[in-house]
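Examining the three-dimensional arrangement
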Amino acid sequence: RTIKQRIRNMTDPQRQKVYEAEWAHSAYYQRDFRSLKAVERWTHQLIGSAWFGRAFPHMAHSRIDFIDWNDEGSACACAVSNKIVMPRWAWRKIIVCHELAHLCNVDSEMFQILRKGEGLGRRIKRGAASHGKKFCTIYLKIVRHALGKEAEQELRQKFRLLGVQYERRKRYLKGRITSSNGRR
């Protein structure tokens, strides 16, 4: 089977709920960037931060290429192998956080298929759904760091209302996020 066929056959039961939580978030309606270059600058500043390096060492200082998807209509944003494809409507920080969470989630089925397709072999562990519990935990963590505590709490509340699974806050915050004065 080809990589496309394997990706099509993945199960991702939380996907729609994650999108609905995102669509209901106040940050979804903020147009944060005027150009793809601005999106790229903001993202590279985020992934170049010391926090990002500690939280996701496999992605620290990675070069991520952005591809402009010129279709304003039904085109979707997607992240594949250190590339993020973004139509103009997706030039929002919360969408960038979502796509970064995909790139940071090494346990996802998508990541596992791409590893194999790039000749890197497949891990013994079976991959998780692309929008599964681990993805949602990573997504919340990135939102908290990039957009702030209130934005993370709002997204977590939307997840709870829609029944989206993620690791509980104490567990995913453990030793990772501290305030400027060093306290959690």
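Here the structure is a predicted model, which means the values were calculated and not measured.

**Regarding the pairing of strand 3 (residues 83–87)**
The buried count for strand 3 comes to four of five residues, which makes it a mostly enclosed element. Sheet topology places strand 1 (residues 65–69) next to strand 3; five bridges connect them, and they run parallel. Within the sheet, the bridge partner assigned to Asp-65 lies in strand 3 and is Lys-83.

**Structural notes on the nonpolar core**
Ranked by size, the top nonpolar core spans 43 residues in total, and within it Phe-52, Phe-56, Met-86, Tyr-139, Ile-142 and Phe-159 carry the most contacts. Every element with two or more residues in this core is listed here: helix 2 (15–24), helix 3 (36–47), helix 4 (50–55), strand 3, helix 5 (93–104), helix 7 (133–147) and helix 8 (149–162).

**Examining helix 8**
Compared with the 20 Å implied by 1.5 Å per residue over 14 residues, the 20 Å span of helix 8 between its first and last C-alpha is a close match. Among all positions in helix 8, only Ala-151, Glu-152, Glu-154, Leu-155, Arg-156 and Phe-159 are buried. Just downstream of helix 8 lies Gly-163, where phi reads positive at about 80°.

**Let's talk about the pattern of salt bridges**
Enumeration over the complete set of coordinates arrives at five salt bridges. Across the pair Arg-63 and Glu-40 runs a salt bridge whose closest N-O atoms are separated by 2.9 Å. Taken together, the positions of Arg-63 in the loop between helix 4 and strand 1 and Glu-40 in helix 3 put the pair 23 residues apart, joining distant regions of the chain. The salt bridge involving Arg-144 is made with Glu-152; its shortest N-O contact spans 3.0 Å. Judged by relative accessible area, which is 14%, Arg-144 ranks as buried. It is possible to trace a salt-bridge network through shared partners that takes in Lys-37, Glu-40, Arg-63 and Asp-65.

Scoring rules and cut-offs
Residues numbered from 1 in each chain as written. Predicted model: local features only at pLDDT ≥ 70, side-chain atom pairs only at ≥ 80, totals over all residues. Heavy atoms only, no water. Buried < 20%, exposed > 50% of the residue type's maximum accessible area, 1.4 Å probe, protein only. Helix = DSSP H or I, 4+ residues; strand = E, 2+ residues; numbered from the N terminus. Pairing = 2+ DSSP bridges. Core = buried A, V, L, I, M, F, W, Y, C linked by side-chain atoms within 4.5 Å. Expected span 1.5 Å × (residues − 1). Salt bridge = Lys/Arg side-chain N within 4 Å of Asp/Glu carboxyl O.

Geometry only, nothing functional implied.
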